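Observations on chain architecture
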Amino acid sequence: MLPTQTGRGPPYFRTNLSPIRPTSQPKPTRCYITRFRPTIIMEQKFNESAEKVKSFTKRPSDAELLELYALFKQATVGDNDTEKPGMFDLKGKAKWQAWADRKGTSKDAAMEAYIKLVDELTAKYL
């Protein structure tokens, strides 16, 4: 019979795979709600901003639309790892390049930039 954690012998023969903790040391506690709350609030604002863009009464310029597209894709998908569109797909290439220019930007930073840009554009186009 192999020794276990409760039996006599070294702890590496134990059958229970939970980590060994002395009884005097309490388990660490974490409050996940307060730790991730700012991210949840930012995601709500991001979703509200995405809905607000759909309600613009005037069409933003092409440069502004590319900026919105790139920030939205970076915030929702992350870095661009898709194949570059073909030579004759000019619109697709412009969108791909705008998104690729944001490579390395974190999702949270992209969300903040998107929200800020939508707030600026709302004054012009809503």
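Residues numbered from 1 in each chain as written. Predicted model: local features only at pLDDT ≥ 70, side-chain atom pairs only at ≥ 80, totals over all residues. Heavy atoms only, no water.

1. A look at the packing of aromatic side chains
By the definition in use, this model includes four aromatic pairs. Ring centres 5.5 Å apart and planes at 15° place the aromatic pair Phe 46 and Phe 72 in the stacked group. You can see Phe 46 sitting in helix H1 (residues 32-54) and its partner Phe 72 sitting in helix H2 (residues 62-76), a full 26 residues away along the chain. A ring pair is formed by Phe 72 and Tyr 114, whose centres lie 5.9 Å apart and whose planes are at 55°; its orientation type is tilted. Taken together, the positions of Phe 72 in helix H2 and Tyr 114 in helix H4 (residues 107-125) put the pair 42 residues apart, joining distant regions of the chain. Classification of Phe 72 by relative accessible area gives partly exposed; the value is 32%. (Phe/Tyr/Trp six-rings, centres within 6.5 Å; stacked < 30°, edge-to-face > 60°. Helix = DSSP H or I, 4+ residues; strand = E, 2+ residues; numbered from the N terminus. Buried < 20%, exposed > 50% of the residue type's maximum accessible area, 1.4 Å probe, protein only.)

2. Brief notes about the packing of H2 against helix H3 (residues 90-100)
Interhelical geometry of H2 versus H3 gives an angle of 55° and a closest axis separation of 8 Å. With respect to H3, the axis of H2 lies oblique. Crossing of H2 over H3 shows right-handed handedness. Residue-level inspection shows Leu 66, Tyr 69, Ala 70, Lys 73 and Gln 74 of H2 in contact with H3, the latter providing Ala 94, Lys 95, Ala 98 and Trp 99. Taken together, the residues of the contact of H2 with H3 break down into six nonpolar, one polar and two charged. (Axes fitted to C-alpha atoms, helices over the stretch in contact; angles between N-to-C directions. Parallel < 35°, antiparallel > 145°, perpendicular 65-115°, else oblique. Left-handed = near helix turned anticlockwise from the far one by under 90°. Contact = heavy atoms within 4.5 Å. Nonpolar A, V, L, I, M, F, W, Y, C, P; charged D, E, K, R; others polar.)

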